[in-house]
Amino acid sequence: MYFHGTSKINDQGRLEIGGCDTKDLAEQFGTPLYIVDEALVRQRAREYVEAFKASGFRFQVAYASKAFSTVAMCAIAEQEGLSLDVVSDGELHTAMQAGFPAERIHFHGNNKTPFEIEMALDAGIGCFVADNFSELQLLNAIAASKGRKANILLRITPGVEAHTHDYISTGQQDSKFGFDLAGGAAFKAVEESLKLDNLVLLGVHSHIGSQIFEVEGFRMAAAKVAEFAVDVRNKLGQVFRVINLGGGFGIRYTSEDSPLPVKEYIGAITDAIRVNFTDAVYPLPEIWVEPGRSIVGDAGTTLYTVGTNKDIPGVRKYIAVDGGMTDNPRPALYESKYEAVLANRATEPAAETVSVAGKCCESGDMLIWDLQLPKAETGDLLAVFCTGAYNYAMASNYNRIRRPAVVLVKDGQADIAVQRESLEDISRNDLLPERLRKAQVQS
């Protein structure tokens, strides 16, 4: 069994996280329950900051809040000296509710609405990551109407695609994100930005993939971005002050995954920027990165209660839990794999192979296939590891199932970060039109 952060088996043979017995957490807060190991979140954040400090570069580590956005998480990010990446008015609102410094907020997205742009300008955010020509014109116009100037990075597709161990150098022109480098759109975007009076071009942004376990893709991206920066300087006289190489740093979900230490990713990025820009006699830029999953992913555990089971002799045995694709859609979307343990019987040896089904009315609502467990009984607690990223953030009310609570655990203390939805919450925004009400009375 692989333990992340403060997770361990306590003297009662039960899973403990942040000094809190998961059996006690289930009794106090109910299940399904998202449990966040606060100490591990802070540790991961500090690993990025310390790695950059050792490099000597000016930097910003912007937590990608799309991975897990709550007021409490934004507060932790601020306390650890991180910046923040948001992609919607909701994420920006959450950051502002947390009192996050607006000048350290970066606004992403391929279709920022006029409302979102106005909201971000009024808040005084630090930077927009511009994604297309339409946005450049819209952002410039709205900024002009407010008598403001907007700092921007241009999102470019550098021609490097990286996922796990596979690296492909390609034109990457067919993407909904960014200005492609190979087709010349990126250069045209720089030209356009420099003509717009209410935009201040700081530099460029690139993102090459997710769940990356090697550094070669980042080296390739840094080289291509440096080559582009030199071309822009030579032809347009514009020097980039900021280079943002995005995120995508991998985590360990299962034994099949082998992520590198944070310092190795950052070391490769800073070394590549230093070499490529120094060779070009180019001022060393400030480096930004945007880790999300790698800060919160392995700090999250989802706790379920086992309900029914179904044994098909010679085929498969299913056990069902009181959550599923509503609180973790990743297996259904991406065939994502997870590890899990019976939290209340964590020292018992495996006795059977089961597949863990959710309770939604979808045959694809499966959390884990072929999991080795002790013989699971109704009422047992199943803990699924590494659910900190893109679980709560992607949760839904399908089948009108209530979204779970989120608790932060640290040093034996458990604090609610998000309350469990109530049945009243489910229908809170529903309205009964008057014509239906009248028809109801008449019938």
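See the structure above.
Now for a quick tour of the structure. Just so you know, these numbers come straight off a predicted model, no measurement behind them. (Residues numbered from 1 in each chain as written. Predicted model: local features only at pLDDT ≥ 70, side-chain atom pairs only at ≥ 80, totals over all residues. Heavy atoms only, no water.)

**Description of the pairing of strand S4 (residues 33–37)**
Residues in a regular strand project their side chains so that they alternate between the two faces of the sheet.
Line of reasoning, step 1. Here S4 lies mainly inside the structure; five of its five residues are buried.
Line of reasoning, step 2. Of the two faces of S4, the one lined by Leu33, Ile35 and Asp37 and the one lined by Tyr34 and Val36 are each fully buried.
Line of reasoning, step 3. Direction of pairing for S4 relative to strand S17 (residues 300–312): antiparallel, over a ladder of four bridges. In the strand pairing of S17, Val36 is matched with Gly300.
Line of reasoning, step 4. Note that S4 and strand S23 (residues 405–410) share five bridges and pair parallel. (Buried < 20%, exposed > 50% of the residue type's maximum accessible area, 1.4 Å probe, protein only. Helix = DSSP H or I, 4+ residues; strand = E, 2+ residues; numbered from the N terminus. Pairing = 2+ DSSP bridges.)

**What to know about the nonpolar core**
Line of reasoning, step 1. Judged by nonpolar contacts, the single largest core of 89 residues is most densely connected at Tyr63, Leu154 and Phe240.
Line of reasoning, step 2. Ranked by the residues each element gives to this core, the list is headed by helix H8 (residues 216–236), at nine residues.
Line of reasoning, step 3. Among all residues touching Tyr63, those that are not within four sequence positions of it are Phe68, Met73, Ala77, Leu82, Ser83, Leu84, Asp85, Pro291, Gly292, Ile295 and Val296.
Line of reasoning, step 4. Ala26, Val306, Val356 and Leu367 belong to the second largest nonpolar core, which has 37 residues in total. (Core = buried A, V, L, I, M, F, W, Y, C linked by side-chain atoms within 4.5 Å. Contact = heavy atoms within 4.5 Å.)

**Digging into the pattern of salt bridges**
Line of reasoning, step 1. Taken as a whole and judged by the stated rule, the model has 26 salt bridges.
Line of reasoning, step 2. Among the salt bridges present, the one from Asp122 reaches Arg148, with a minimum N-O distance of 3.9 Å. Here the residue Asp122 occupies a position in helix H5 (residues 114–123), and Arg148 occupies one in the loop between helix H6 (133–145) and strand S9 (150–157), the gap between them amounting to 26 residues.
Line of reasoning, step 3. The exposure class assigned to Asp122 is partly exposed, which follows from its relative accessible area of 46%.
Line of reasoning, step 4. Close ionic contact of Arg316 with Asp370 constitutes a salt bridge, the shortest N to O distance being 2.8 Å. Here Arg316, found in strand S18 (residues 316–321), pairs with Asp370, found in strand S21 (residues 366–373); they are 54 residues apart in sequence, far enough to count as distant.
Line of reasoning, step 5. Classification of Arg316 as partly exposed rests on a relative accessible area of 24%. (Salt bridge = Lys/Arg side-chain N within 4 Å of Asp/Glu carboxyl O.)

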